[in-house]
Amino acid sequence: MPNRTLRRRRPDAARRAAFTALRAVSEGAYANLETAKVLGEARLPVRDAAFVTELVFGTCRLQGTYDRILTAASGRDTFDPPLRDALRLGAHQLLGMRVPSHAALAATVDLAAAEVGERVAGLTNAVLRKVAARDLPGWIDHLSAGLDPLDALALRTHHPRWIVDAHVDLLGEGAEAALAANNVTPVPHLVVRPGLARVDELDGEPTTYSPFGARRAGNPADVPAVREGRAGVQDEGSQLVAWALAQADAPAGPWLDLCAGPGGKAALLTGLARERDELLLAAERLPHRAQLVAQALRAYPEPNVPVVLAADGTRPAWRPATFARVIADVPCTGLGALRRRPESRWRRSPADLADLVPLQRALLGSALDAAAPGGVVAYATCSPHRAETSEVVAAVTASREDVTILDAPALLPGVAHTASGPFVQLWPHRHGTDAMFLAMLRKDAR
Ligand SMILES: C[S@@+](CC[C@H](N)C(=O)[O-])C[C@H]1O[C@@H](n2cnc3c(N)ncnc32)[C@H](O)[C@@H]1O
């Protein structure tokens, strides 16, 4: 008996690190940043670090499903948050990883006893034994009984219902494949700063459509060009959006990135602007994010060094009708990047749209005001949600008489199945990219 008590109070370092990260995520932190932080502190062997990453990311991604299973297994709707996080980690080991049941159970009881208190050891053991009685498909079948088809789809693909509705609205029966793709962590995409590095320096497999990128597993900082700021990390979808803006027919003149932080698109656009001897102005409302933009652009030498401004894009610090090319890559729900942000689907809600949509409209209006006659504006979101995409474009263009909607898919001719009317809509399950939306608009020449 004394031995058992001693063992319970010594959970292994990997699960302890995962618990620390998950607690922070439950209180608002980002899973990727928090996992990197705990791994930096814990200095675990590579294999254990991979275990921690999968444990945290997988638990976050399936959180809603695990909570329903824990409720069904325990008959309780709520647990104290630290115990709930320990149980979620146990559920993921039992149902989502190849950890033998006895090991997952014993290790989670140890963890809960050490981190929450010896008093929860019995409850943890009892609940997880019931969880272990079925595998994940068995639980999904069990909990799906009597659900309407879209609630069952939400359960099966581990998404909240409103996100399922938004996908079904756009894709109909294709929604399931798109939702399933959100559950697969992508291999990181790297991108060159044009003129400063070549794609073969990225040491990966060239991206399918973008001529600037490569897919490469592992730590991006191992690539010298990334360390030196001559390349960076950027999803291929974002590369394509920047490329489309650069390909559009537009007059000569300066370029503007209206919502630039943390600087991925500004960094690619700067290289493309410099090839034409043009200057890019990068604006970002939050000063600390404006600093990230400056950091992303640090490797570009004189002349035509991009200008970074901490400025509110809805209160322009520049003269109207100035820029030949403008991008408004507006703040959004991020529903297009769920595969890279495991916790995000459970944190966002439809209420976010009420705050975001008016800002998105205001920023698109500012972008159009900033464009010179004949200039082009790219309106981009990392969300496919209709309220943030085509409906924003429709509302803003309906309120003005100086704008023409361009054929955005024509600017990415090598990329199949992008068209959603005159707009580009990329998808993880079709293109292997984030679900980026792009509208291209022209400010009519006076
Ligand atoms: C989707 S992110 C842009 C991503 C960036 N274009 C990139 O590729 O790295 C939107 C950015 O807009 C910024 N933002 C929010 N409101 C803004 C405003 N009124 N004016 C300018 N930037 C704003 C946010 O702080 C955020 O950094």
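Residues numbered from 1 in each chain as written. Predicted model: local features only at pLDDT ≥ 70, side-chain atom pairs only at ≥ 80, totals over all residues. Heavy atoms only, no water.

Where we set the bar: UniProt positions are given in the numbering used here, feature names are shortened, and annotations may be inferred rather than shown by experiment.
In the nomenclature of an unreviewed UniProt entry, the chain corresponds to RsmB/NOP family class I SAM-dependent RNA methyltransferase from the organism Propioniciclava soli. Listed under Sequence similarities (unreviewed entry) in UniProt, the entry text for the chain is "Belongs to the class I-like SAM-binding methyltransferase superfamily. RsmB/NOP family."

1. Examining the overall build of the chain
Condition: Secondary structure follows DSSP: runs of H or I at least 4 residues long count as helices, runs of E at least 2 residues long count as strands, and numbering of each begins at the N terminus. Burial here depends on accessible area, computed with a 1.4 Å probe over protein chains only, as a share of the maximum for the residue type. Under 20% is buried, over 50% is exposed, and the range in between is partly exposed. Between two residues, a contact is recorded if the distance between any of their heavy atoms is within 4.5 Å. Working definition of accessibility: Shrake-Rupley area with a 1.4 Å probe, residue cover restricted to the visible protein chains. Here Asp and Glu are counted as negative and Lys and Arg as positive; His is not counted, and neither are the chain ends. Taken as the charge centre is NZ of Lys, CZ of Arg, CG of Asp or CD of Glu, depending on the residue.
Per the secondary structure count, the chain includes 20 helices and 13 strands. Viewed in the frame of its principal axes, the chain has a C-alpha envelope of about 85 × 50 × 35 Å. Counting over 446 residues, the chain shows a buried share of 54%. Sequence separation of at least 24 residues holds for 73% of the intrachain contacts in the chain that already meet a minimum separation of 6. Summing over all exposed atoms, the chain offers an accessible surface of approximately 19,100 Å²; the carbon and sulfur share of this is 52%. When the 51 positive and 49 negative side-chain charges of the chain are each reduced to one mean point, those points stand 6 Å apart.

2. Examining the site of the ligand
Note the following rule: Each residue is tested against the molecule or strand, and it is near if at least one of its non-hydrogen atoms lies within 4 Å. Residues adjacent in sequence count toward polar contacts only when both atoms are side-chain atoms; beyond that, a polar contact is any pair of N or O atoms within 3.5 Å, and within protein one must be able to donate a hydrogen and the other to accept it. Note that Gly is not counted as nonpolar here; it falls among the polar residues with everything else outside the nonpolar set of Ala, Val, Leu, Ile, Met, Phe, Trp, Tyr, Cys and Pro and the charged set of Asp, Glu, Lys and Arg.
In the vicinity of the ligand, 20 residues are found, and the nearest of them are Glu284, Arg289, Asp312, Gly313 and Asp329. Here a nitrogen atom of the ligand and a side-chain polar atom of Asp312 are 2.8 Å apart. When the free accessible area of the ligand is taken as 600 Å², the share hidden by the protein chains comes to 88%. Tallied by class, residues from the shell around the ligand come to 10 nonpolar, four polar and six charged.

3. Description of the domain arrangement of the chain
Stated formally: Residue ranges for the domains originate in an automatic or database domain assignment. Buried area: the accessible surface (1.4 Å probe) lost by two parts on joining, summed over both. Salt bridges are defined as contacts in which a side-chain nitrogen from Lys or Arg sits within 4 Å of a carboxyl oxygen from Asp or Glu.
Domain assignment breaks the chain into domain 1 (2-138), domain 2 (146-181) and domain 3 (234-443). One C-alpha centre belongs to domain 2, the other to domain 3, and the line joining them spans 28 Å. For the pairing of domain 2 and domain 3, the buried interface totals around 1,400 Å² over both sides, and the portion due to carbon and sulfur atoms is 73%. One can count one salt bridge joining domain 2 with domain 3. Note that Arg386 and Asp169 form a salt bridge whose closest N and O atoms lie 2.8 Å from each other. Along the contact surface separating domain 2 from domain 3 lie two residue pairs in polar contact (both at pLDDT 80 or more). Taken together, the elements giving at least two residues each to the side of domain 2 that touches domain 3 come down to helix 11 (161-171) and helix 12 (175-181).

4. Comments concerning the sheet that holds strand 3 (residues 213-215)
Operational definition: At least two bridges found by DSSP between two strands is the condition for calling them paired. Angles run from 0 to 180 degrees between N-to-C directions of axes, and those axes are lines fitted to C-alpha atoms, restricted for helices to the stretch in contact.
Spatially, four strands are ordered 2-3-1-4 in an open sheet, and the strand pairing comes out antiparallel. Edge positions in the sheet fall to strand 2 (205-206) and strand 4 (231-233), since each of these pairs with one other strand and no more. Pairing of strand 1 (residues 189-192) with strand 3 involves three bridges; the strand directions are antiparallel. From the neighbouring strand, His189 faces strand 3, where its bridge partner is Arg215. Those strands touched by helix 14 (residues 236-247) are strand 1 and strand 3, and its axis lies near 30 degrees from that of strand 1.

5. Thoughts on the state of the cysteines
To keep it simple, the criterion reads: The criterion for a disulfide is a pair of cysteine sulfur atoms lying within 2.5 Å.
Following the criterion strictly, the structure yields zero disulfides and no others. For Cys60, which is in no disulfide, the shortest distance to another cysteine sulfur is to Cys382 and amounts to 18 Å. Note on Cys60: relative accessible area 1%, which makes it buried. For the unlinked cysteine Cys259, the closest cysteine sulfur is that of Cys332, found at 10 Å.

6. Things to note about the UniProt feature "binding site: S-adenosyl-L-methionine" (unreviewed entry) in the chain
Under the feature "binding site: S-adenosyl-L-methionine" (unreviewed entry), the UniProt entry names Cys259, Ala260, Gly261, Pro262, Gly263, Gly264, Lys265, Glu284, Asp312 and Asp329. By the element assignment, Gly263 lies in the loop between strand 5 (255-257) and helix 15 (264-275). The exposure class assigned to Gly263 is buried, which follows from its relative accessible area of 1%. Filtering out sequence-adjacent residues up to four positions away, Gly263 remains in contact with Val293 and Ala296.

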